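Structure at a glance
Residue-level listing of the chains:
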Amino acid sequence: MIFFEKVGRYFVFLRLLVTNRESFKTYYYLVLEECVSIGLGSLFLVILVSTFIGAVSTVQTAYNLVSPLIPRYVIAQVVREMTVLELAPTIMALIYAGKVGSSMAGGLGTMRITEQIDAVEVMGINSVSYLVLPKIIASIIVYPLLVIIAAFCSLFGGYLIGAATGIITPPEYIYGLRFIFNDFSITFALIKSVAFAFLISSISSYKGFYTKGGALEVGIATTQGVTNSVIAILIADYLLAQLLLA
Amino acid sequence: MIKIKDIAKSFDGKMVLEGISGEFEKGKCNLIIGSSGTGKSVLLNMRNFTDADHDMKAEIRREIGMLFQGGALFDSKTVEKNVMFPLDILTKMKPEEKRERVAFCLKRVGLENAGKKMPSEISGGMKKRVGIARAIVNNPAYLFCDEPNSGLDPQTSILIDELIQDITYEFNTTTLVVTHDMNSVMGMGDNIMYLYKGHKLWEGGKEEITHSGVKELDDFVFANKVMSKMRGK
C-alpha cells in the first residue's frame, strides 16, 4: 500500500512540474545553468570511464574469441554492439545517477531542511516547477550528448588498446566497426538515454524535494534517490529492449 | 491589517491550534509569543491561505515578505542575487532599477559592502539582515518573521529587533513576529498575542504584559531571571 502511495505521490509531483509555471525566460536561464553544471561537471568522468570500458571490452572480447575461424574484426563488431546498445546508455546512466542524481537529491534536500524551498514558496512561486523542471529539461538535453561522447570514447579506447597491444590492427578495427552496422542501434541508444535522463532527474529530485528532518535524512534521501533511480533504469532498460528490439 | 478568525490546525488528528482569532494591525509589530511547541510557527506558516484558490494564493503570497529562522538564503547565489531574487521573479523591472533597489535595501540593513559575498562567507547576524533585505525588497504589505533573533548574541538580537521595528514604521507594513525572547517582547511588542497549548490566552501591549493576571503568561514572562528580579522589585 505504501508503495502505491509513493508512486502516486511521484506522479502528483510530476504534474506539479507543469502547473503554474513561471515565464519562459526564467526557465531558459535556469536550464542553461543546469546544462553547464551537469554537462561540464560530468564530462571528465564520462570520458575516463567510457574510454576504459571500451579498452577492457576489446581485451576481454579478444581473450574469449580464441578460434582461428573467427576473423579479428569481429572483436570491433562486438565492442561496437556492446557499447552502443548497453555500455554507453545504460552503464553511463548508472554512473550519472550516482553523480548527478545524488547531487540533485542532496541539493534539494538541503534546500528543504534549510527552508530555502519555503523561501521560494512564500513568494508565490511553484517551487517544484521552478527548482526541478530545469534540472529535468537539462538532463534530457545533456545526457544524450554525454552518451554520444561516451560511445565515441569507448570505441576510441578499444581502438587505442587494440593498436597498442596488437590484439587487432587499426584497419581491422575500423572495418569491424562498420561491418553489418544497423543504424537503429543509435536511435535505440538515444531513446534509452532520454528515458534514463528523465527517470534519474525526476526520481532523485522527488526524493530530495520531500526530505524531512535534518542532515541525516538528506543523506538517506540521497541514497534512496540513487537506489530508486538505478532500479528504474534497469526496469526501463528491459522494457525498452522488449518494446523496440524484440 | 490581517484579521484571523477561528483558526484551527491539527496534525495526524492532534489539535495544535484551536479557535485562534485576532487582528494584526498595519504599521505595528505584532508579536506571537509562547513557549516552544505551542503552535506559534504553525500559525505563522498558515500564511499559505489554504482556503484561497491557487491563483489567489499566489497573489496574496506575493504581498508577503518572510524572514526565516535560519535566514534561508540561497547557497548558490551571492548576497546581492539573493536580495534581487524576488524582483527577478515577481517584477518586470529593468536590470538597472533592480540593482538600485537592491543597493537601497542592502544599505537599509547596513550591508552595502556585502553584496558580492556568498552566504557561507557572512555571519549569522548578517544572514538575518540579508533575509530582511530580501523580505522587503519587493515592498511587501506584510512582513512575517519567524524567530528573527534565534541563535544570535544579545547585542545582535537587539539590532535585528530594532531593524524590524524601524522597517515596520518606515514602510508601514503589517509585521508579524514569532518569538519567545522577552527582550524582543519588551522592545518591539506593539501588539502581543500569547499562545498556550494551541489556544490564545491573552492579547495586549508590552506595557500590560507584566500585570496580565494570567498565570501561564506570568510563568512565561518571569521565567527570565532579569524579569523575575524586576517582578521582585
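Residues numbered from 1 in each chain as written. Chains lettered and ligands numbered in written order. Predicted model: local features only at pLDDT ≥ 70, side-chain atom pairs only at ≥ 80, totals over all residues.

Side note on the overall build of chain B
Helix and strand content of chain B: 9 helices and 8 strands. Looking at chain B as a whole, 39% of its 233 residues are labelled buried. Within chain B, counting contacts between residues at least 6 apart in sequence, those at least 24 apart form 65% of the total. (Helix = DSSP H or I, 4+ residues; strand = E, 2+ residues; numbered from the N terminus. Buried ≥ 20, exposed ≤ 12 C-beta atoms within 10 Å, placed from the backbone. Contact = placed C-beta atoms within 7 Å.)

Observations regarding the overall build of chain A
Across its full length, chain A carries 8 helices and 0 strands. Sequence-ordered secondary structure for chain A, helices as α and strands as β, is α-α-α-α-α-α-α-α. Based on the C-alpha atoms only, the size of chain A along its principal axes is roughly 70 × 40 × 35 Å. Counting across all 246 residues of chain A, residues that qualify as buried make up 43%. Long-range contacts, defined here as pairs at least 24 residues apart, represent 87% of the contacts in chain A between residues at least 6 apart.

Observations regarding the interface of chain B and chain A
Each side of the interface is counted separately: chain B has 14 residues, and chain A has 12 residues. Of all the elements in the fold, those that place two or more residues in the side of chain B that touches chain A are helix H2 (54-61), strand S4 (64-67) and helix H3 (79-90) of chain B. Class assignment for the residues of the side of chain B that touches chain A results in 9 nonpolar, 2 polar and 3 charged. (Nonpolar A, V, L, I, M, F, W, Y, C, P; charged D, E, K, R; others polar.)

Notes on the pairing of strand S6 (residues 174-179) of chain B
Residues and elements named next belong to chain B. For S6, the tally of buried residues reaches 6 of 6 residues, placing the bulk of the element in the interior. Neither face of S6 is exposed, since Thr174, Leu176 and Val178 on one face and Thr175, Val177 and Thr179 on the opposite face are all buried. As judged from the 5 bridges shared by strand S3 (residues 29-33) and S6, these two strands associate in the parallel manner. Following the sheet pairing, Cys29 is matched in S6 by Thr175. (Pairing = 2+ DSSP bridges.)

Comments concerning the packing of helix H7 (residues 184-209) of chain A against helix H8 (residues 215-244) of chain A
Pairs of packed helices are described in terms of their axes, by the angle between the two and the distance that separates them. Residue and element names in this part refer to chain A. Put simply, H7 and H8 touch, their axes get as near as 8 Å, and they point 155 degrees apart. Relative to H8, H7 is oriented roughly antiparallel. Like other packed secondary-structure pairs, H7 and H8 cross with a definite hand, here right-handed. For the pair formed by H7 and H8, the contact residues are Phe188, Ile191, Lys192, Ala195, Phe196, Leu199, Ile200, Ile203, Ser204, Lys207 and Gly208 on the first element and Ala221, Gln224, Gly225, Asn228, Ser229, Ala232, Ile233, Ala236, Asp237, Leu240 and Leu244 on the second. Considered class by class, the residues forming the contact of H7 with H8 number 13 nonpolar, 6 polar and 3 charged. (Axes fitted to C-alpha atoms, helices over the stretch in contact; angles between N-to-C directions. Parallel < 35°, antiparallel > 145°, perpendicular 65-115°, else oblique. Left-handed = near helix turned anticlockwise from the far one by under 90°.)

Topic: the nonpolar core
In this structure, Ile200 of chain A together with Val83 and Ala133 of chain B are the most contacted members of the largest nonpolar core, which totals 112 residues. Take this core: its biggest share by element is 17 residues, from helix H5 (residues 127-165) of chain A. Sequence-distant contacts of Ile200 of chain A, that is, excluding residues within four places in its chain, are made with Ala93, Tyr96, Ala97, Val100, Gly101, Ser139 and Ser229 of chain A. (Core = buried A, V, L, I, M, F, W, Y, C linked by C-beta atoms within 7 Å.)

A look at the environment of Leu160 of chain A
Residues and elements named next belong to chain A. Within the secondary structure, Leu160 sits in helix H5. Classification of Leu160 as partly exposed rests on a count of 16 C-beta atoms within 10 Å. Linking Leu160 and Gly54, residues 106 residues apart in sequence, is a C-alpha distance of 9.3 Å.

Observations concerning helix H3 (residues 73-113) of chain A
All names here are of chain A. Relative to the 60 Å expected for 41 residues at 1.5 Å per residue, H3 spans 56 Å between its end C-alpha atoms, a close match to the ideal helical length. Along its length, H3 shows its largest kink, about 50 degrees, at Thr83. One or two steps after H3, the chain reaches Glu115, where phi turns positive at roughly 65 degrees. (Expected span 1.5 Å × (residues − 1). Bend = angle between axes of the 7 residues up to and from the residue.)

Overview of the pairing of strand S1 (residues 2-11) of chain B
Residues and elements named next belong to chain B. Burial runs low along S1: only 0 of the 10 residues are buried. As defined by bridge partners, S1 adjoins strand S2 (residues 14-24) across 7 bridges and the pair is classed as antiparallel. Considered in S2, the bridge of Phe11 is made with Lys14. Hairpin remark: S1 followed by S2, antiparallel, with 2 residues in the connecting loop; positive phi at Asp12, about 50 degrees.

A closer look at the packing of helix H5 (residues 124-136) of chain B against helix H6 (residues 154-171) of chain B
All names here are of chain B. Axis separation between H5 and H6 bottoms out at 10 Å; the angle between their running directions is 10 degrees. As far as their axial angle goes, H6 and H5 are roughly parallel. Contacts from Gly125, Lys128, Arg129, Ile132 and Ile136 in H5 reach Thr156, Ile160, Leu163, Ile164, Ile167 and Phe171 in H6.

Section: the confidence of the model for chain B
Averaged over all residues, the pLDDT of chain B equals 83, while 90% of them reach at least 70. Low pLDDT, under 50, characterises residues 49-54 of chain B; the predicted model gives this stretch 5 contacts beyond four residues in sequence or across chains. (pLDDT = per-residue confidence, 0-100.)

Quick word on unusual backbone geometry
With a phi close to 65 degrees, Glu115 of chain A is a non-glycine residue in the positive phi region. Topologically, Glu115 of chain A is positioned in the loop between H3 and helix H4 (116-122). For Glu115 of chain A, a count of 20 C-beta atoms within 10 Å gives the class buried. Although it is not a glycine, Asn139 of chain B adopts a positive phi angle of roughly 50 degrees. Tracing the backbone shows Asn139 of chain B in the loop between H5 and strand S5 (142-146). Accessibility expressed as a C-beta count within 10 Å gives 13 for Asn139 of chain B, which makes it partly exposed.

Things to note about the sheet that holds strand S7 (residues 191-196) of chain B
Residues and elements named next belong to chain B. Taken together, 6 strands build an open sheet; the order of strands is S4-S5-S6-S3-S7-S8 and the sheet is mixed. Among the strands making up the open sheet, the edge pair consists of S4 and strand S8 (199-204). Neighbour-to-neighbour, the strand axes of the sheet open up by a mean angle of 20 degrees, direction not taken into account. Of the strand pairs in this sheet, S7 and S8 are connected by 5 bridges, and their pairing is antiparallel. By the bridge assignment for S8, Leu195 is matched with Lys200. Of the strands in this sheet, S4 and S5 are in contact with H5, which crosses S4 at around 175 degrees.

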